[in-house]
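Listed here are the chains, written in short residue letters.
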Amino acid sequence: MTTKERILTGIGVGRGLVVGDVRRMPDPLPEPPQTNSTLGADAELGRATVALSETAEDLRDRGRQAGGLAKDVLDALALMADDQMLHADVKNRIDRGATAERAVFDAFAGFASILEAAGGYMAERAGDLGDVANRVIARIMGVAAPGVPQSTTPFVLVARDLAPADTALLNFDIVRALVTTDGGPTSHTAILAREKGLPAIVGAKSAEVLVDGDVVLVDAGKNEIVLHPSAVRIEEALIEAEARKAARAGATGPGRMADGHEVALLANVGSSKSASAAVEAHAEGIGLFRTEFLFLDNDTAPSVDTQQAEYAAVFEQFPGQKVVVRVLDAGADKPLPFLTDDGEENPALGRRGIRALFAHSEILRDQLTAIAQAAAATRADVWVMAPMIATVDETEEFVALCREVGIAKAGVMIEVPSSALLAHHILEIADFVSIGTNDLTQYTVAADRLLGTVADLQDPWNPAVLRLIREVGRAGEVTHKSVGVCGEAAADPTLAVVLIGLGVTSLSMSPIALADVRAEISRFTLAEARELAERVLSSRNAADARIAASAVLTQ
Ligand code: PEP
Ligand code: MG
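Remarks on the sheet that holds strand β8 (residues 224–227)
What links the strands of a sheet is backbone hydrogen bonding, and the strands pair in either a parallel or an antiparallel sense.
Stage number 1. Taken together, the eight strands give an open sheet; going across it, the order is β1-β8-β7-β3-β4-β5-β6-β2, and neighbouring strands pair in mixed fashion. Each end of this open sheet is capped by a strand with a single partner; those strands are β1 (6–9) and β2 (11–13). Direction aside, the axes of adjacent strands within the sheet are offset by 30° on average.
Stage number 2. Of the strand pairs in this sheet, β2 and strand β6 (residues 200–202) are connected by three bridges, and their pairing is antiparallel. Across the sheet, residue G12 finds its bridge partner in β6, namely I201.

Next up, the structure:
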């Protein structure tokens, strides 16, 4: 019997196209009931203690197998299961009559809410605690632990969403594509897929119907999953996949549209090591050098000399090319004890980014000095920008400080709606702007970029976000100054064309995304991109905007 094809849609990440068998990640466990124990406290405590220590051992084992960064993640999770305060809390609850599974559930939930209240990095760890709790409870109940299914043959992984603990263990030789029913384009799953060049469709609600063994064709470029694809469709898809691969391989050199209009294609990097990936991917330079890596694991800011050496190690790799350095962006998702205030109730709206630097001006001055010295010692064309600028006054203060230390090109990031709306004033002062669409989206729709439950709102295709970008693009046109995009949006090939139509002059992304974006923009003229942008801007929501774009692009 042949089964009918069915098209399921979601948000595609990248341009990949693969055919494979579905393996589903088990759904989260149901909440254990609040009934009193019938086994007695000693037996319950025994069940809980064994499950906690077996889970810790299992996590450490997986860490040993995986090695590298994954080992650090898994060892940290094992420590959570071993935590003595948590064990004491579980025992207390059991002594008061709880079952082992309920005691574990409540004890972990209590700890998670303390972390959540702390905000920022600590709040992110709350999700990991939930993951460890589920593993322990599954062991107590004797059911399959949630997590990535084990397999020796390739498969398409289908899940609600993937937690960092799941993705740390993914074997990219076996997992061919990712499909999630929840989450959005800036979810952890989407970021991982982009980093690894793995096809993914996120937020595909209708993928709920997929079961183990279903054959699917995942086409990230078309935002669709075809369930039970026909032999003809598979054959056509494989030809199309080859064509896309060839387009990617053939797309080298600087970013250029079909009419010759140039759009610089740059890379986002976070250290001197990752800069080499940018060189290999033929980036025309660096559009966002995140400098947090130098500060994050330290109790104080590194010296000017240490910073200068690190910056020079990146600049040296781009002689004669542009390198846009962002000064330290601390706070909210990147807390730094010596710069940001732990006590803030809402750190995303607190003293973060440039606000934290102005409050510690010696740190900002030292960093700018180190950048200026490294620039003078190398041949890179160094531009410097400030994160989280919300006002024209902040722009003035930052640009003046740059001038004082001898930085020739001083710009700001547009990540807050207020600065997008005032871009024309900002660009009268700054030499350039770069739009951080991750934060700009977060602040436009008032949805925390780290919170899975509001991930579907975190969509840069939202016409409200695109209208703000158009304001900035127009300001760039009027002032003849450069308007870059360095958020995740730049790595979406279709959105990249729209952004150019909105007036963006350079795009910066993780190096792996460059080839697809280079190939896609070369298919259109600037006039076509502008027309596309106009259509998208009049859409009612992100989904309609995508449909409007694909109607034009597939013509
Ligand atoms: C952004 O907000 O889009 C951005 C590029 O900065 P970050 O992701 O580092 O906050
Ligand atoms: Mg940002």
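From this point on, the discussion continues.
Topic: the packing of helix α18 (residues 493–501) against helix α19 (residues 514–521)
Stage number 1. Between α18 and α19, the shortest axis-to-axis distance is 8 Å and the interhelical angle comes to 55°. Looking at the two axes, α18 sits oblique to α19. Between α18 and α19 the crossing geometry is right-handed. Residues P493, T494, A496, V497 and I500 of α18 form the contact with α19, whose own contacting residues are D516, V517, E520 and I521.
Stage number 2. Looking at side-chain class alone, the contact of α18 with α19 contains six nonpolar, one polar and two charged residues.

Focus on the packing of aromatic side chains
Stage number 1. In this structure the tally under the stated criterion is three aromatic pairs.
Stage number 2. For the ring pair F289 and Y311, a centre distance of 6.0 Å and an interplane angle of 85° mean the geometry is edge-to-face. Of this pair, F289 sits in strand β10 (residues 285–290) while Y311 sits in helix α10 (residues 304–315); the two residues are 22 residues apart in sequence, bridging distant segments of the chain.
Stage number 3. Overall, Y311 belongs to the buried group, its relative accessible area being 0%.
Stage number 4. By way of ring pairs, the aromatic residues F289, F293 and Y311 are connected into one cluster.
Stage number 5. The positively charged end of R23 is found above the aromatic ring belonging to F155, 5.9 Å away from the centroid.
Stage number 6. The residue whose ring lies beneath K409 is W383, and the NZ or CZ to ring-centre distance is 4.5 Å.

What to know about the pattern of salt bridges
Stage number 1. In total, this model carries 32 salt bridges according to the counting rule given.
Stage number 2. Across the salt bridge formed by R194 and E488, the nearest N and O atoms sit 2.4 Å from each other. You can see R194 sitting in helix α7 (residues 188–196) and its partner E488 sitting in the loop between β15 (482–485) and α18, a full 294 residues away along the chain.
Stage number 3. When its relative accessible area of 12% is taken as the criterion, R194 is described as buried.
Stage number 4. With relative accessibility at 22%, the residue E488 sits in the partly exposed group.
Stage number 5. When the shortest N-O distance is used, the salt bridge between E240 and R244 registers 2.9 Å.

Focus on the domain arrangement of the chain
Stage number 1. When the domains of the chain are assigned, the result is domain 1 (6–26 + 148–245), domain 2 (41–141) and domain 3 (257–526).
Stage number 2. Distance between the C-alpha centres of domain 2 and domain 3: 38 Å.

Regarding the site of ligand 1
Stage number 1. As a structural note, the neighbourhood of ligand 1 is formed by 14 residues, with R290, K334, G436, N438 and R449 the closest of them.
Stage number 2. Within the side chain of R326, a nitrogen or oxygen atom sits 3.0 Å from an oxygen atom of ligand 1.
Stage number 3. Isolated, ligand 1 exposes 290 Å² of accessible area, and the fraction of that covered by the protein chains is 99%.
Stage number 4. For the shell around ligand 1, the elements supplying multiple residues, two or more each, are β10 and α16 (437–445).

Rules used throughout
- Residues numbered from 1 in each chain as written.
- Chains lettered and ligands numbered in written order.
- Predicted model: local features only at pLDDT ≥ 70, side-chain atom pairs only at ≥ 80, totals over all residues.
- Heavy atoms only, no water.
- Pairing = 2+ DSSP bridges.
- Helix = DSSP H or I, 4+ residues; strand = E, 2+ residues; numbered from the N terminus.
- Axes fitted to C-alpha atoms, helices over the stretch in contact; angles between N-to-C directions.
- Parallel < 35°, antiparallel > 145°, perpendicular 65-115°, else oblique.
- Left-handed = near helix turned anticlockwise from the far one by under 90°.
- Contact = heavy atoms within 4.5 Å.
- Nonpolar A, V, L, I, M, F, W, Y, C, P; charged D, E, K, R; others polar.
- Phe/Tyr/Trp six-rings, centres within 6.5 Å; stacked < 30°, edge-to-face > 60°.
- Buried < 20%, exposed > 50% of the residue type's maximum accessible area, 1.4 Å probe, protein only.
- Lys NZ or Arg CZ within 6 Å of the ring centre and 35° of its normal.
- Salt bridge = Lys/Arg side-chain N within 4 Å of Asp/Glu carboxyl O.
- Domains from an automatic or database assignment.
- Near = heavy atom within 4 Å.
- Polar contact = N/O pair within 3.5 Å; in protein donor to acceptor, adjacent residues only side chain to side chain.
- Areas by Shrake-Rupley, 256 points an atom, 1.4 Å probe, with all protein chains shown as cover.

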